[in-house]
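In case you want the letters, here they are:
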Amino acid sequence: MMEFSERISRISVSSTAAVVQKADKLRANGAKLVDFGAGEPDFPTPDHIKQAAVRALEENFTKYTPTGGTRDLKEALVERHAKDFGSSYTVEECLATVGGKQAIFEAMMATLNAGDEVILPVPYWVSYLDIINYAGGKAVFLETDEAENFAVRADAVEKLITPRTRMIVVNSPNNPTGSALPREEMERLLAVAVRHKILLLSDECYCHFVYNAPPFSLGSSKDREHLLIVGSLSKTYAMTGWRVGFALGNAKLLANMLKLQSHSTSNPTSIAQKAAVEALRASQDSVRGMLAEYRCRRDRVVEGLRAIPHVTCTMPQGAFYAYPNISAYLNDDGLADTTVLAERLLDEALVAVVPGPAFGTTQHIRLSYAASLDHIDEGLRRMAAFFAKF
Ligand SMILES: Cc1ncc(COP(=O)(O)O)c(C=O)c1O
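Residues numbered from 1 in each chain as written. Predicted model: local features only at pLDDT ≥ 70, side-chain atom pairs only at ≥ 80, totals over all residues. Heavy atoms only, no water.

Q: How would you summarise the overall build of the protein if you had to cite specific residues and measurements?
A: Regarding its fold elements, the protein presents 12 helices and 12 strands. Taken along its principal axes, the extent of the C-alpha atoms in the protein is 60 × 55 × 55 Å. Looking at the protein as a whole, 54% of its 390 residues qualify as buried. If you take every contact in the protein between residues at least 6 apart in sequence, the share linking residues at least 24 apart comes to 74%. By element, 54% of the accessible surface of the protein is carried by carbon and sulfur atoms, the whole surface being about 16900 Å². (Helix = DSSP H or I, 4+ residues; strand = E, 2+ residues; numbered from the N terminus. Buried < 20%, exposed > 50% of the residue type's maximum accessible area, 1.4 Å probe, protein only. Contact = heavy atoms within 4.5 Å. Areas by Shrake-Rupley, 256 points an atom, 1.4 Å probe, with all protein chains shown as cover.)

Next comes the structure, spelled out in C-alpha cells:
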C-alpha cells in the first residue's frame, strides 16, 4: 500500500471546500439549492477587468513572468495600497502570489520551525490552522467573547506570548464572524508584536468591505518591520478564480517566501496579472457598489436570523459572513452538533452553510451572504421552517 508523509497527515481537505463540493453535487443532480456556503462574491468579475485579460491573450502575454509578479503589477499593488490607505511600500516590499492563500502558506513555511507557536484568535479562518500544522508550528488559541462581537484584544494576545511565540495572526474583517477591529486595537496588536520581536500577520483580504468605519490598513503604520500584510484581489474585485493575491512587508521575508514560490507555482498566471493591473488602476466604483450591496444583504440576513426563535447573531461589521449561534437547537435527539445540523439543513431544506468546527467553535454555523436578496429571503424562509421542526 502507498505510504504518505507524516507532514501531509497533519492536515485535511478544507471543510469549507467539502461543503462546496457536496452542494455542487446536489446542484448537478438538479436540486434548487440556496448556497450560503461558498465564501466568494456572487458578482461577476467586472467587464473592464475581463477585457484586460482578453487583450493580454491577444497580445500573447502568455509566457512565464518574474516569479513574484511583473514589475507593473507590483507597482500597481503598492500604488493602490498607498492611495487607499496612505501606505508607502516599495516594489521590493511587495510580492504577487497565487491568491492570498499562497502568501499565508509561504509566510508560515518561511518563518516557523518545529514547535514554534502562533497565536490564533478563535474563530479563525480554517486554512490558518492547517497551514500552521503543516509548517510544523503549534497554534495557541486565543478565545474571544461573542458578547464583545468576537473582538481580539491586544492585552489578551500579549498574555499568551512565550519564548516560543513567532507569530500572531489577525484577520479583520474576519472570516467567519464579520467582526472588524478598530484601528487603535490593530495598532496595539502591532505594538505587541514589535515589543516581543515577533511577526504580526495581518490578513486584510476583506479590508475593503467594512460597514461602519472607513477602511484602513495597518500598512500605513510607521513600524512595519514586524508586520506582514496579506491581501487578495479575490473578494475585492470578485476575482476568486483568477488567483491573484499579494504580500507587503519586510523585503528579506518576502525574498524567502519567493524561494518557495520559485519551486512551486512560479508566477501567478500571466493573463491574470494583466487583469489585476486593470483592477487596481481603473475606477474603483465596482468595489463601492459591492460594498453597498453587501450592507443591504447583511441587514436582511441578520434580521432574518434573529427572527428565528432562539437563534442569536452578532452584527457583522465587515466581510460578507454572518455567524449565528444556534446552540439552543443542539441536543442528543437528532441534532447532536453543528456538523449534523448543517448536513440535515442541506439534505432536508436544501440550504448550504458551513458548520462552526471548521472555524474552531461548536455553537455556530457560518452563512456567506454573497448571494442575491431573493436567495437570501428564500434561504431564511427555509431555515425558519427547518428550525421550527425542532
Ligand atoms: C480570511 C481569508 N484569507 C485569505 C483567503 C484567501 O483568498 P484567496 O486565496 O482567494 O486570495 C480567504 C478566502 O476565503 C479568506 O477568507
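Q: Which residues make up the site of the ligand, and what are the values?
A: Near the ligand you find 14 residues, and of these Gly100, Asp203, Ser232, Ser234 and Lys235 are the closest. Between the ligand and serine 234, the relevant distance is 2.7 Å, taken from an oxygen atom to a side-chain nitrogen or oxygen of the residue. Between the ligand and the protein, one listed contact pairs an oxygen atom with a side-chain N or O atom of arginine 243 at 2.7 Å. Coverage of the ligand by the protein amounts to 93% of the 400 Å² it exposes when considered alone. When residues in the shell around the ligand are grouped by element, the largest group, 3 residues, is from helix H4 (residues 99-111). Of the residues belonging to the shell around the ligand, the class tally is 4 nonpolar, 6 polar and 4 charged. (Near = heavy atom within 4 Å. Polar contact = N/O pair within 3.5 Å; in protein donor to acceptor, adjacent residues only side chain to side chain. Nonpolar A, V, L, I, M, F, W, Y, C, P; charged D, E, K, R; others polar.)

Q: So what's going on with helix H12 (residues 373-388)? Which residues, and what values?
A: Taking 1.5 Å per residue as the helical rise, H12 with its 16 residues ought to reach 22 Å, and the 22 Å between its terminal C-alpha atoms agrees with that figure. Along H12, the positions that sit buried rather than exposed are Ile376, Gly379, Leu380, Arg382, Met383, Phe386 and Phe387. Along the long axis of H12, the arc covered by the buried residues comes to 165°, so they all point the same way. Opposite the buried face of H12, at more than 90 degrees from it, the exposed residues are Asp374, Arg381 and Ala388. Taken together, the buried residues of H12 touch strand S1 (34-35), helix H10 (285-306), helix H11 (338-349), strand S10 (351-352) and strand S12 (365-368). (Expected span 1.5 Å × (residues − 1). Arc of directions from axis to C-beta.)

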